[in-house]
Amino acid sequence: MADPSRLILGLRFQKPLHRTGQYSPQKRKTSMATYDDLENKTIVVTGAGSGIGRSLALRFAQAKAKVAVNDISEEDAFGTVQIIKKSGGTAIAIPGDVSVSSQVHQMFQAVHKKYGPTNVLINNAGLVSPMLHFFEATEDWWRRIIDVNLTGHFLCCQAAAKAMARNGGGSIINMSSGGATQAHRSFTAYDASKGGIEAFTRALALDLGPYSIRVNALMPGSIDTSGMNSEDRMHRGENIPLVRVGESHDLTGPALFLASDESSYMTGDVLKVDGGMLAQQRSATVDIMPPAGFPKLENI
Ligand SMILES: NC(=O)c1ccc[n+]([C@@H]2O[C@H](COP(=O)([O-])OP(=O)(O)OC[C@H]3O[C@@H](n4cnc5c(N)ncnc54)[C@H](O)[C@@H]3O)[C@@H](O)[C@H]2O)c1
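Residues numbered from 1 in each chain as written. Predicted model: local features only at pLDDT ≥ 70, side-chain atom pairs only at ≥ 80, totals over all residues. Heavy atoms only, no water.

**Student:** Describe the overall build of the protein chain, naming the residues involved and giving the relevant values.
**Tutor:** Of the regular secondary structure elements, the protein chain holds 8 helices and 11 strands. By the burial criterion, 45% of the 300 residues in the protein chain qualify as buried. As displayed, the protein chain has an accessible area near 15,800 Å², and 53% of this comes from carbon and sulfur atoms. (Helix = DSSP H or I, 4+ residues; strand = E, 2+ residues; numbered from the N terminus. Buried < 20%, exposed > 50% of the residue type's maximum accessible area, 1.4 Å probe, protein only. Areas by Shrake-Rupley, 256 points an atom, 1.4 Å probe, with all protein chains shown as cover.)

As structure tokens, this is what we get:
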């Protein structure tokens, strides 16, 4: 096999694995930790029909938790449940729109009836697109993104937290984004929703702390959930300190940790899972919406 290292300024650098062909996004390098306290716990994961949410649901099922799989797509929610059941895990589908309070109420009623009170709620459902420049943005676009991303978190927390409190406590994990602190171009609504999620996480941690409910957030970096082509993957990876884009399973360890008693003195916190992305200034080469693509003055 070719030597994957290279000499720059007299220093020997390891060539990023994605450049050597040795990197497989599906492979995990280390053995997985076990969190025995999560066994038989009731875990609700929203937006778990695909992407990060699906990976989280599968991993919690592997930890022997009872997993309730929500998604707005009924087919995708049942798809995740089927995968879990095939590998011997325990799961039910609770399809529904997290931004509609009557549907959220029904979802949690179904979970509590089948599995008992929610022990861990992971508010993962979110709308990532479409991107719209502020001059092209519409009120409907703004409202839908805020409704799903932010109000959805509020509604699910309300539906789960009282049962958690009566049951002696629980853990809530919200899903932020780098956009909460460092903006993306043409993502005004998304970034506002994620900034809101981080503020909501801190405020809710104060209200729920006395009931032994911890509230934290995960902040994923650039995670490939759509199957980027190898060129995009390489291009984006080069601007990340760990020189690769993230995979959905990169979030599972941090989520297990925040869910488990291992993090019992953590609340109101945001855990970054971004390969070091927010630790550096962003390079122009990773910008996906250059000003050249902005609406022309004569068109606004
Ligand atoms: N992928 C990334 O790089 C990245 C980075 C930062 C933050 N995040 C956050 O992680 C979370 C998951 O993102 P992903 O990349 O896996 O996206 P994804 O689009 O693959 O998954 C989101 C899921 O949420 C579901 N969903 C959408 N609206 C819903 C609603 N109203 N009710 C219930 N379910 C709904 C979708 O059907 C989908 O299955 C999101 O909150 C996103 O903002 C992702």
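Having put the structure on the table, let's press on.
**Student:** Got a sec to walk through the pairing of strand β5 (residues 90–93)? Specific residues and values, please.
**Tutor:** Across 4 bridges, strand β4 (residues 66–69) lies against β5 in parallel orientation. Within β5, the residue paired with Val67 across the bridge is Ala91. Between β4 and its parallel partner β5, the chain crosses via helix α3 (residues 74–86), and the hand of that crossover is right-handed. (Pairing = 2+ DSSP bridges. Right-handed = clockwise from strand over helix to strand, strands pointing away.)

**Student:** Give a description of a nonpolar patch on the surface that names residues and reports values.
**Tutor:** There is a patch of nonpolar side chains on the surface, built from Phe134, Phe135, Leu297 and Ile300 and spanning about 500 Å² of accessible area. With respect to the helices and strands, the residue Ile300 is situated in the segment after β11 (270–273). The exposure class assigned to Ile300 is partly exposed, which follows from its relative accessible area of 48%. (Patch = residues over 30% accessible without salt bridge, like charges linked within 9 Å, V, L, I, M, F, W, Y side chains within 5 Å. Salt bridge = Lys/Arg side-chain N within 4 Å of Asp/Glu carboxyl O.)

**Student:** Please set out the side chain of Ser263 residue by residue, giving values where relevant.
**Tutor:** By the secondary structure assignment, Ser263 is in the loop between α8 (252–259) and β11. Classification of Ser263 as buried rests on a relative accessible area of 2%. Beyond its immediate sequence surroundings of up to four residues, Ser263 is in contact with Arg214, Phe257 and Leu258. (Contact = heavy atoms within 4.5 Å.)

**Student:** Kindly report on the packing of aromatic side chains, identifying the contributing residues and their values.
**Tutor:** Following the criterion strictly, the structure yields 2 aromatic pairs and no others. Summarising the aromatic geometry, the rings of Phe134 and Phe135 are spaced 6.2 Å apart at their centres and angled 50° between planes, so their arrangement reads as tilted. With respect to class, Phe134 is no different from Phe135; both count as exposed. Ring plane angle 80° and centroid distance 5.1 Å describe the contact between Phe187 and Tyr190, whose orientation is recorded as edge-to-face. Across the pair, Tyr190 and Phe187 agree in class, each one buried. (Phe/Tyr/Trp six-rings, centres within 6.5 Å; stacked < 30°, edge-to-face > 60°.)

**Student:** Mind laying out the sheet that holds strand β3 (residues 42–45), listing which residues take part and the relevant values?
**Tutor:** Across the sheet, which stays open at both edges, the 7 strands sit in the order β5-β4-β3-β6-β7-β8-β11 with parallel pairing between neighbours. Both outer strands of the open sheet, β5 and β11, are each paired with one neighbouring strand and no more. The mean inter-strand angle of the sheet, taken between neighbouring strand axes irrespective of direction, is 20°. Contacts between helix α4 (residues 101–115) and the sheet are confined to β3, β4, β5 and β6 (120–123), with β5 contributing the most and set at about 150° to the helix. Docked against the sheet, α8 engages β6, β7 (170–175), β8 (213–220) and β11, running at close to 170° with respect to β8. (Axes fitted to C-alpha atoms, helices over the stretch in contact; angles between N-to-C directions.)

**Student:** Got a sec to walk through the site of the ligand? Specific residues and values, please.
**Tutor:** Near the ligand you find 26 residues, and of these Ser50, Asp71, Asn124, Tyr190 and Ile223 are the closest. Here an oxygen atom of the ligand and a side-chain polar atom of Asp71 are 2.6 Å apart. Between Ile72 and the ligand, the recorded distance is 3.1 Å, taken from a backbone N or O atom to a nitrogen atom. Compared with its free state, where it exposes 830 Å², the ligand has 87% of that area covered by protein. Taken together, the elements giving at least two residues each to the shell around the ligand come down to α2 (51–62), α5 (139–166) and α6 (188–208). For the shell around the ligand, the per-class residue count stands at 10 nonpolar, 12 polar and 4 charged. (Near = heavy atom within 4 Å. Polar contact = N/O pair within 3.5 Å; in protein donor to acceptor, adjacent residues only side chain to side chain. Nonpolar A, V, L, I, M, F, W, Y, C, P; charged D, E, K, R; others polar.)

**Student:** Talk me through the nonpolar core; I want residue IDs and the actual numbers.
**Tutor:** In this structure, Val45, Leu56, Phe60, Val67, Val69, Ile122 and Leu218 are the most contacted members of the largest nonpolar core, which totals 32 residues. Sorting elements by how many residues they give to this core places α2 first, with 5 residues. Counting residues in each nonpolar core, the second largest holds 26 residues, with Val148, Ala160, Ile172 and Leu204 among its members. (Core = buried A, V, L, I, M, F, W, Y, C linked by side-chain atoms within 4.5 Å.)

**Student:** Can you explain the pairing of β7? Please cite residues and give values.
**Tutor:** Judged by how many residues are buried, β7 sits mostly within the fold: 6 of 6 residues are covered. Where β6 meets β7, 4 bridges bridge the pair, whose relative direction is parallel. Bridged to Asn123 within β7 is Asn174. With α5 bridging β6 and the parallel β7, this β-α-β connection has right-handed handedness. In this sheet, β8 lies alongside β7 in parallel orientation, the contact comprising 6 bridges. When the bridges of β8 are listed, Gly170 appears paired with Ile213. Between the parallel elements β7 and β8, the chain passes through α6 in a crossover that is right-handed.

**Student:** Break down the side chain of Lys194 for me, with residues and values.
**Tutor:** Tracing the chain through its elements places Lys194 in helix α6. Here Lys194 is buried and forms no salt bridge, its nearest opposite-charge partner Asp191 lying at an N-O distance of 8.9 Å. Aside from chain neighbours lying at most four places away, what touches Lys194 is Asn149, Met175, Ser176, Ser177 and Ala180. (Lys, Arg positive; Asp, Glu negative; His and termini not counted.)

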